[in-house]
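Understanding the architecture of this molecule
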Amino acid sequence: MPTSSAERTGGGGSALATRGLVAGYGDVVVVHGVDLDVAEGRLVTVVGPNGAGKSTLLKAILGLSRVMDGHVVLDGDDVTGQPLELLARRGIGYVPQVDDVFETLRVSENLEMGGYLLDKSERAARVDEVLEIFPALKPKMRRYLGTMSGGERKMTAVARALMLAPRVLVLDEPTAGLSPALTRVVLEEQARALASHGKAVLLVEQKAHAALEISDWAYVLVRGAVAKSAPAREVLADPDMAEIFLGAAVRDGGVK
Amino acid sequence: MKLLIEAIGFGIATGAVIALGAVGFSVQFGISNVLNITYGSMMTLAAFVGYAFLQLNVNVWIVMAITSAVIGVASVVFNRILLEPLKRRGTSFVGIIIATVSAAIVLQYAIVVFVGATAHSFGEQSGRTLTVLDLVFTTSQVIIICTTVALMVGFHLLLTRTKIGRAMRATSTNRTVARACGIRTERIIDFTWLLSGAMCGAAGVALAITTVSFDFTLGSTFLIYMIAAAVLGGIGQPYGAMVGGLVVGIASQVAGAYWSPAYQDVIAFVILIIMLLVRPRGLFSAGAVTRRLANT
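Worth saying up front: this structure is predicted, and the values here are computed from it rather than measured. (Residues numbered from 1 in each chain as written. Chains lettered and ligands numbered in written order. Predicted model: local features only at pLDDT ≥ 70, side-chain atom pairs only at ≥ 80, totals over all residues. Heavy atoms only, no water.)

**Description of the overall build of chain A**
Across its full length, chain A carries ten helices and ten strands. Within chain A, the proportion of its 256 residues that are buried is 55%. Excluding contacts between residues fewer than 6 apart, the proportion of contacts in chain A whose partners are at least 24 apart in sequence is 69%. (Helix = DSSP H or I, 4+ residues; strand = E, 2+ residues; numbered from the N terminus. Buried < 20%, exposed > 50% of the residue type's maximum accessible area, 1.4 Å probe, protein only. Contact = heavy atoms within 4.5 Å.)

**Observations concerning the interface of chain A and chain B**
Counting from both sides, the interface comprises 28 residues of chain A and, opposite them, 22 residues of chain B. The contact between chain A and chain B buries some 2,200 Å² in all, and 59% of this surface belongs to carbon and sulfur atoms. Among the residues of chain A in contact with chain B, Glu85, Phe102 and Tyr116 of chain A are the three that bury the most area, contributing 32% of the side total. Summed over the shared surface of chain A and chain B, the result is one salt bridge. A salt bridge links Glu85 of chain A to Arg179 of chain B; the shortest N-O distance between them is 2.6 Å. Mapped by element, the contributors of at least two residues to the side of chain A that touches chain B are helix 3 (84-89) and helix 4 (107-114) of chain A. Considering each element in turn, the side of chain A that touches chain B owes the most residues, five residues, to helix 3 of chain A. (Buried area = accessible area lost by both parts, 1.4 Å probe. Salt bridge = Lys/Arg side-chain N within 4 Å of Asp/Glu carboxyl O.)

**Considerations on the domain arrangement of chain A**
Residue and element names in this part refer to chain A. Domains assigned within chain A are domain 1 (5-91 + 168-251) and domain 2 (101-165). Its C-alpha centre places domain 1 at a distance of 24 Å from the equivalent point of domain 2. The junction of domain 1 with domain 2 conceals about 1,000 Å² of combined surface from both sides, 75% of it contributed by carbon and sulfur atoms. For the interface between domain 1 and domain 2, the tally reads zero salt bridges. For the pair domain 1 and domain 2, the number of links is zero residue pairs in polar contact (both at pLDDT 80 or more). Secondary-structure elements contributing two or more residues to the side of domain 1 that touches domain 2 are helix 3, strand 7 (168-172) and helix 7 (180-196). In terms of residues, the side of domain 1 that touches domain 2 owes the most to one element, helix 7, which gives five residues. Its residues assigned to classes, the side of domain 1 that touches domain 2 shows eight nonpolar, two polar and three charged. (Domains from an automatic or database assignment. Polar contact = N/O pair within 3.5 Å; in protein donor to acceptor, adjacent residues only side chain to side chain. Nonpolar A, V, L, I, M, F, W, Y, C, P; charged D, E, K, R; others polar.)

**Side note on a nonpolar patch on the surface**
Residues and elements named next belong to chain B. Together, Leu3, Tyr258, Trp259, Tyr263, Val266, Phe269, Val270, Ile273, Ile274, Leu277 and Val278 make up an exposed nonpolar region whose accessible area comes to about 1,100 Å². Counting residues per element, the nonpolar patch draws most heavily on helix 11 (residues 263-278), at eight residues. Mapped onto the fold, Ile273 is located in helix 11. (Patch = residues over 30% accessible without salt bridge, like charges linked within 9 Å, V, L, I, M, F, W, Y side chains within 5 Å. Areas by Shrake-Rupley, 256 points an atom, 1.4 Å probe, with all protein chains shown as cover.)

**Comments concerning the pairing of strand 1 (residues 129-132) of chain B**
Side-chain positions along a regular strand alternate between the two faces of the sheet. Residues and elements named next belong to chain B. Where strand 1 lies against strand 2 (residues 135-138), four bridges are found, and the strand directions are antiparallel. Each bridged residue has a counterpart across the sheet, and for Val132 the counterpart in strand 2 is Leu135. Counting the residues between successive antiparallel strands, the hairpin from strand 1 to strand 2 contains two residues, one of them, Leu133, with a positive phi of roughly 50 degrees. (Pairing = 2+ DSSP bridges.)

**A closer look at the pattern of salt bridges**
Residue and element names in this part refer to chain A. One pass over the full model with this rule turns up 18 salt bridges over all chains. Of the charged contacts, one joins Asp100 and Lys154 as a salt bridge, the two residues approaching to 2.8 Å between their closest N and O atoms. With a gap of 54 residues between them, Asp100 in the loop between strand 6 (92-95) and helix 4 and Lys154 in helix 6 (residues 150-162) connect regions that are remote in the sequence. Residue Asp100 shares its accessibility class with Lys154, and that shared class is buried.

**Notes on helix 3 (residues 60-88) of chain B**
All names here are of chain B. Here helix 3 spans 40 Å end to end across 29 residues, near enough to the 42 Å set by a 1.5 Å rise per residue. Along helix 3, the largest kink reaches about 40 degrees and is centred on Arg80. The N-capping residue of helix 3, defined by a side-chain oxygen 2.7 Å from the backbone nitrogen of Trp61, is Asn59. Within two residues after helix 3, Gly90 carries a phi angle of roughly 80 degrees, on the positive side. (Expected span 1.5 Å × (residues − 1). Bend = angle between axes of the 7 residues up to and from the residue.)

**What to know about unusual backbone geometry**
Phi is positive for Ala165 of chain A, close to 50 degrees, though the residue is something other than glycine. Within the element layout of this structure, Ala165 of chain A appears in the loop between helix 6 and strand 7. Positive phi outside glycine occurs at Asn57 of chain B, with the angle close to 60 degrees. Note on placement: Asn57 of chain B falls in the loop between helix 2 (38-55) and helix 3. Since its relative accessible area comes to 73%, Asn57 of chain B is described here as exposed.

**Thoughts on the sheet that holds strand 9 (residues 217-222) of chain A**
Adjacent strands of a sheet pair through backbone hydrogen bonds, lying either parallel or antiparallel. All names here are of chain A. The six strands lie next to each other as 6-7-8-3-9-10, forming an open sheet whose pairing is mixed. What marks the edges here is a single partner per strand, and that holds for strand 6 and strand 10 (225-231). When the angles between neighbouring strand axes are averaged without regard to direction, this sheet yields 15 degrees. Pairing of strand 3 (residues 43-47) with strand 9, which is carried by four bridges, proceeds in the parallel orientation. Bridged to Thr45 within strand 9 is Ala218. Against the sheet, helix 6 makes contact with strand 6 and strand 7, and its axis sits at roughly 165 degrees relative to strand 6, the strand it touches most. Across the sheet, helix 7 is in contact with strand 3, strand 7 and strand 8 (200-204); its angle to strand 8 comes to roughly 140 degrees. (Axes fitted to C-alpha atoms, helices over the stretch in contact; angles between N-to-C directions.)

Structure below.
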């Protein structure tokens with residue numbers, strides 16, 4: 001049964017939304033008319049089997065893949081097809097799945113680059129604020145990213161994305177390549193915590209089970225279309241959904 | 001001993017021209033990740049554009065400035081109409097090199113169509129001779145060395161002290177994350193090509209000034225010196241390219257003086273091969289330079 005926008009956002013307005021989004025590469029359509037809502041303070045997850053179009057959907061939202069039809073709306077403004085750098089200036093923070101940090105720089109320098117648009121004093125103040133959210137980074141500020149573990153790198157990547165104080169945060173498979181234990185840390189202490197800090201968080205995750213456990217709302221994407229849009233716990237409890245849509249993902253190294 | 005001193009003096013002057021070209025070449029590679037073989041032909045184009053302005057009785061140093069601007073803009077256009085579309089289509093690194101080799105040949109022979117294959121000359125531009133610590137330089141050599149040093153210092157300050165310099169570093173390290181930080185990377189890439197193209201233009205004119213005569217092969221012949229300098233210094237590292245230019249310039253001139261001028265090119269090749277075998281990342285490792293830039 002179709003859900004209303006108000007239901008999907010938990011009653012609040014959408015910080016980020018898509019309406020009838022059709023996207024792909026060249027002439028190939030991968031995403032077929034997706035409606036999606038993410039409100040402030042909510043963690044929304046897109047799950048689905050490999051090849052469902054999750055990454056393409058994310059890239060279409062971020063101006064990194066071709067939007068053929070439909071709209072991307074940020075705080076009520078149509079931002080369809082706007083380049084990533086302008087979306088960043090308008091309040092979207094993005095953490096890519098891989099190559100998510102400035103590898104050859106220190107943690108402190110990654111954060112400073114994240115605050116590139118800020119002036120020097122604002123930047124220093126913002127670094128302090130971000131370190132309040134991720135205190136574990138404080139003793140590691142002088143470390144080079146190339147020498148750090150997967151979890152620490154991801155934490156730096158998310159911290160870097162927070163430097164411009166985005167209202168919306170888009171995380172593309174933040175647990176890719178992480179151990180089950182680190183997966184929980186990243187999802188609970190980073191993704192969930194960000195939503196608790198009032199951010200609108202859009203998460204795309206291959207590890208469906210673990211992601212759904214900490215999410216408010218879920219979209220199940222199958223062959224580029226939304227097969228189910230429901231509270232995350234409902235999707236988690238639905239045996240059909242688990243078997244039909246998530247089974248493959250869970251078997252392919254997902255976390256129970 | 002006198003021969004050695006003379007060769008070193010001439011080597012410094014040659015090295016300044018190589019450094020000027022090599023820094024532009026190296027920066028282009030470092031920031032836009034394109035090994036641009038067309039760079040040599042762009043230098044030839046610069047020499048002929050400069051030659052055209054010279055025929056209008058414009059002062060040779062003003063010619064150098066104007067030509068730098070022209071070649072800077074031409075480089076931006078070249079990147080936008082050929083290389084960026086190839087990148088967007090996912091052309092591989094090697095595929096793009098092959099495209100630049102092809103473009104280099106097309107440009108070289110397009111120059112022949114317009115100006116012919118005959119030798120041209122900037123005429124006598126050397127001016128008075130000056131002696132510095134037993135090293136003898138012509139006025140034009142001194143101006144070229146000073147121009148190179150000034151551009152290097154300016155470039156260093158740009159990279160280390162300015163916001164746009166930091167954006168250039170960020171773009172070269174990770175373009176997508178740089179964009180996610182709000183950096184307009186397309187503009188940064190354009191600026192990089194403008195700047196490196198301007199250095200290519202200045203180097204092309206400087207080379208034409210210091211050469212008795214030149215033809216359509218000027219830049220492509222000189223390209224090997226610049227590649228050797230860039231590789232010696234660690235490709236993508238502007239400071240390395242400066243030092244590399246000086247080493248290649250002096251080494252080739254000393255070889256020419258003691259053995260035969262025919263060995264000048266050979267020395268550049270030998271340095272290139274030895275560096276690739278012994279220290280392929282160059283004398284100045286990427287890490288050291290990146291760290292130095294990042295700390296500003």
